[in-house]
Amino acid sequence: MLTLYHFWSSTCSRRVRICLAEKAIEWQSHHIDITKKMENLEPWYLALNPNGVVPALEHDGNVVIESNVIIQYLDDAFAGASLTPEDPLKRAKMREMLDKFEHVVHANINLISYNRRHVPRVSHLSEGAQRDLILRIGNPDRRQRMLERLAAGVSAEAEVRAEARLADILDEMEVMLEGRDWLLGAFSLADISIAPFLERMEANGLDRLADFSARPRLGAWWQNMQARAGVIEAFAFPNPDA
Ligand SMILES: N[C@@H](CCC(=O)N[C@@H](CS)C(=O)NCC(=O)O)C(=O)O
């Protein structure tokens, strides 16, 4: 039995749903409302994922967290098209990319999304109520970061720096895509891991980044990515409240 705890529009949940679709793995959905109901901070969910974030995967009673770890687990544990290169060096490169996609791309998108998406989402709560919710987050680093953002907000300068870091990674991808359709040659977890963030850049109105005229290979990659059945299926997961 495979259950994914996820939120319909979350980038990290999309990573996992793309992988599940690409490998044609059957799974059961447990939707977690991370917006109004904030189910990700309920004690029962924190027992599954102490970081208080989606996604989390439960497989035969065992829980795996961290979306990039989950997709590697799915690729290791399930049959179907392999999404990891055979060559050890390419495997290492893939893991380097996964690390950057989480710790540079996701971290900076998260910062940029704070004023645009997070603040309006919690604006109905008093500062004290927001603080109480943050104090429930199990991961001390994330808890501290959220407390600092609550106290001081995210400055325009910090957003500019974050955009520059995103541009660095997009430039790196443009170079990697020379003479190939996918980041490592064959389609892999690296392509899956970054795809939801390209959509999020567009959704956040980061027009300069999402304008592919300066990065034509990346533009072609994004078109190919959006045409894949697995990506279409993962992005089509409906908002249960719509
Ligand atoms: N490193 C984690 C990050 C997960 C994450 O930040 N998830 C976001 C949605 S994409 C979340 O649950 N946010 C809820 C919140 O911030 O309250 C992973 O890759 O699984």
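Residues numbered from 1 in each chain as written. Predicted model: local features only at pLDDT ≥ 70, side-chain atom pairs only at ≥ 80, totals over all residues. Heavy atoms only, no water.

Q: What's the story with the domain arrangement of the protein in this structure? I'm lost.
A: The extent of an interface is frequently quoted as the accessible surface area lost upon association of the parts. The domains assigned to the protein are domain 1 (2-77) and domain 2 (88-228). Summarising the inter-unit geometry, the C-alpha centres of domain 1 and domain 2 are found 18 Å apart. On the side of domain 2, 25 residues touch domain 1, which itself brings 24 residues to the contact. For the pair domain 1 and domain 2, the summed buried area comes to about 2,100 Å², and 59% of that belongs to carbon and sulfur atoms. Three residues stand out in domain 1 for area buried against domain 2, namely Thr11, Arg15 and Leu41, and they jointly supply 26% of the buried area on that side. (Domains from an automatic or database assignment. Contact = heavy atoms within 4.5 Å. Buried area = accessible area lost by both parts, 1.4 Å probe.)

Q: How should the pairing of strand β3 (residues 56-59) be read in this particular structure?
A: Look at any regular strand and the pattern is simple: side chains alternate between the two faces of the sheet. Relative to β3, strand β1 (residues 2-6) runs antiparallel, the two being bridged by four bridges. Note that in β3 the partner of Tyr5 across the bridge is Ala56. As paired elements, β3 and strand β4 (residues 62-65) share four bridges and run antiparallel to each other. Residue Leu57 lies in a different strand from β4, and its bridge partner there is Val64. In textbook terms, the turn of a hairpin is the stretch between consecutive antiparallel strands, and for β3 and β4 this stretch comprises two residues, one of which, Asp60, has a positive phi near 50 degrees. (Pairing = 2+ DSSP bridges. Helix = DSSP H or I, 4+ residues; strand = E, 2+ residues; numbered from the N terminus.)

Q: Can you walk me through the site of the ligand in this structure?
A: Residues in close proximity to the ligand total 14 residues, the closest being Val54, Glu66, Ser67, Glu102 and Arg142. Here a nitrogen atom of the ligand sits 2.8 Å away from a polar atom, N or O, in the side chain of Glu102. Within the side chain of Arg142, one N or O atom sits 2.6 Å away from an oxygen atom of the ligand. Expressed as a share of its isolated accessible area of 520 Å², the protein-covered part of the ligand is 85%. Those elements that provide at least two residues to the shell around the ligand are α1 (11-22) and α4 (88-122). (Near = heavy atom within 4 Å. Polar contact = N/O pair within 3.5 Å; in protein donor to acceptor, adjacent residues only side chain to side chain. Areas by Shrake-Rupley, 256 points an atom, 1.4 Å probe, with all protein chains shown as cover.)

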